[in-house]
Amino acid sequence: MISSLEVNLLVVVPGVLGLLWSVKEWIAVANVKIDGHPDLLANQDSKAKTAAADIVAEMIKISTTIQEGAMSFLMAEYTYMAVYIVLFSIFLVFFTGVPTTIAFVVGSITSILCGWIGMKIAVFTNVRTTHQCWKNLSAGFDVAIQGGCVMGLSLVSLGLLALFALIEVFKAYFDFSSSQVMYEAIAGYGLGGSSIALFGRVGGGIYTKAADVGADLSGKNDYGLEEDDYRNPACIADNVGDNVGDIAGMGADLFGSFAESTCAALVLVAASPDLKDSWAGQMYPMLISSAGIVVGLVTLLTQGIFYKVKDMPDVEKALKGILVISTVLMTPV
């Protein structure tokens, strides 16, 4: 049986590694210069350099507008979430106790942070992916994967580390009658994550549907602007809503699913006579998640070797290939 220190390291080290990899990929995306590939295009067309400068300026203008709108909407939504967290925490204190309330607040804040990271990297990556696809499909696919793995890895890593820290704090500062009672209190962590996911998914979804209606009714009928015409304000609002609902909301939703399933597994482990007496047994659900981070990193390192992206059909093959590699590697775990 492995020692408690070894178990702790197996949980913490992959989480830290996932965060560091996320930072690395964020920097890689940030290093993509939006310049219109003047040298490449100039060799194809003598007027391409001038045309590229105009297109780049328009790309930056549109992406900046979407980015500002998305962050404004998100900050407004987080204001309402903060009020909800405070009010519901008061309710939890009286009916479940202080430990569950603390777990709920930590889960809510972590969920908000995961959604915010997802939003920031998404609006940052979108325009750069489009720009690199202008060069070739392979370059655009690489940037898209880099941006996507920032949210994926940081979400699981933050969730894992925050939950582990919560367990250690509860063990040190609260006196529970049993480990099962402690993990039942920690289940508030999953409740916090799911509550924030509800706001993100539903709020962003309602917003983007309202923008769709505005684009169809007012934009088309009153001004003759197509739904996807960037001059149509509802088109920008639609993109903002898509980012909030499908990215920030999805990030919070994925975190909520991760937190709920892990907390439920921890409660079951604490009730199991065969697992509750060993630290390795209690941490088994979290060890699975930490192993998943390692598998995700290995998958990212190897997918480019097995699945090359040159033409449009290769994109779907590469995405499915990532699932195949990760499934093959994770199944033995």
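The structure displayed is predicted, hence computed values, not measured ones.

Any pair of aromatic rings gets described here by the distance separating the centres and the angle formed by the planes. Scanning all chains against the criterion turns up eleven aromatic pairs. Here the aromatic rings of tyrosine 84 and phenylalanine 199 are separated by 5.2 Å at their centres, their planes lie at 55 degrees, and the arrangement is tilted. Of this pair, tyrosine 84 sits in helix H3 (residues 48-95) while phenylalanine 199 sits in helix H7 (residues 188-223), placing them 115 residues apart in sequence. Pairing phenylalanine 88 with phenylalanine 104 gives two aromatic rings, centres 5.2 Å apart and planes at 55 degrees, and the pair type is tilted. Of this pair, phenylalanine 88 sits in helix H3 while phenylalanine 104 sits in helix H4 (residues 98-135), and the two are 16 residues apart along the sequence. Taking the relative accessible area as the measure of exposure, phenylalanine 88 reaches 23% and is therefore partly exposed. Among the aromatic residues, those joined into a ring-pair cluster are Tyr84, Phe88, Phe91, Phe95, Phe104 and Phe199.

Take the confidence of the model for the protein chain next. Do not read the fine detail of predicted coordinates wherever pLDDT is low. In the predicted model, the protein chain carries a mean pLDDT of 84, and 93% of its residues have values of at least 70. At the level of individual helices and strands, the protein chain shows its lowest average pLDDT in helix H2 (residues 38-42), which scores 64, and its highest in helix H1 (residues 4-30), which scores 92.

Let us now look at the nonpolar core. Of all hydrophobic cores here, the largest spans 46 residues; its most connected members are Ile167, Tyr183, Ile186, Tyr189, Met283 and Met286. Taken together, the elements giving at least two residues each to this core come down to H1, H4, helix H5 (137-173), helix H6 (179-186), helix H8 (233-271), helix H9 (279-282) and helix H10 (284-306). Top contributing element to this core by residue count: H5, with 14 residues. If sequence neighbours within four positions are ignored, methionine 286 has contacts with Val11, Leu160, Leu163, Phe164, Ile167, Thr262 and Leu266. Counting 20 residues, the second-largest nonpolar core is a separate cluster that includes Ile66, Ala70, Leu74 and Ala197.

What counts and how
Residues numbered from 1 in each chain as written. Predicted model: local features only at pLDDT ≥ 70, side-chain atom pairs only at ≥ 80, totals over all residues. Heavy atoms only, no water. Phe/Tyr/Trp six-rings, centres within 6.5 Å; stacked < 30°, edge-to-face > 60°. Helix = DSSP H or I, 4+ residues; strand = E, 2+ residues; numbered from the N terminus. Buried < 20%, exposed > 50% of the residue type's maximum accessible area, 1.4 Å probe, protein only. pLDDT = per-residue confidence, 0-100. Core = buried A, V, L, I, M, F, W, Y, C linked by side-chain atoms within 4.5 Å. Contact = heavy atoms within 4.5 Å.

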